[in-house]
Amino acid sequence: MTKNEIIAKVNEVLAEEFEKDVEELTPEANIKQTLELDSLSLVDMVALIDNEFGVKIANSELASIPTFQALYDYLDSHIN
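Below: a short report on this structure. Since we're looking at a predicted model, the values are computed, not measured.

**A word on the nonpolar core**
Phase 1 of the analysis: With 27 residues, the main nonpolar core has Leu14, Leu35, Met45, Leu71 and Leu75 as its most contacted residues.
Phase 2 of the analysis: Every element with two or more residues in this core is listed here: α1 (3-17), α2 (31-35), α3 (39-53) and α5 (68-79).
Phase 3 of the analysis: Setting aside its immediate chain neighbours within four residues, Leu35 contacts Leu14, Phe18, Lys20, Leu25, Met45 and Phe68.

Okay, here's the thing in C-alpha cells:
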C-alpha cells in the first residue's frame, strides 16, 4: 500500500465514521480536536484503524500520534 493510498483510506474511513468532511482532515490538523474525540471515541478510532489496516496502535503510542500526518507516517511504517 502506497503512502497516498494510506492517506486516502484513512481520510475516507475517519471522515465517514466521525461525520466530518474529508477536507477537514489535513496533515497538520490535530486528530482529537478535528474529530472531536473523547476517550471512548478515541478507542473507537483505534479499533477502526485496526480493522481497516490490521495495525494495532498501543495506548502508550497514542500520545506520539497527535496529527493526521503522524498517523499516516505511523501506518506507513507498520504496513510497509
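What follows continues from the structure just given.
**Details of unusual backbone geometry**
Phase 1 of the analysis: A positive phi is found at Glu19, a non-glycine position, where the angle reads about 55°.
Phase 2 of the analysis: Of note, Glu19 is situated in the loop between α1 and α2.
Phase 3 of the analysis: According to the relative accessible area criterion, Glu19 is exposed, its value standing at 71%.
Phase 4 of the analysis: Here Glu36, not a glycine, exhibits a phi torsion of approximately 55°, which is positive.
Phase 5 of the analysis: For Glu36, the position within the fold is in the loop between α2 and α3.

Rules behind the numbers
- Residues numbered from 1 in each chain as written.
- Predicted model: local features only at pLDDT ≥ 70, side-chain atom pairs only at ≥ 80, totals over all residues.
- Heavy atoms only, no water.
- Core = buried A, V, L, I, M, F, W, Y, C linked by side-chain atoms within 4.5 Å.
- Buried < 20%, exposed > 50% of the residue type's maximum accessible area, 1.4 Å probe, protein only.
- Helix = DSSP H or I, 4+ residues; strand = E, 2+ residues; numbered from the N terminus.
- Contact = heavy atoms within 4.5 Å.

Function cannot be inferred from these measures alone, as they are strictly geometric.
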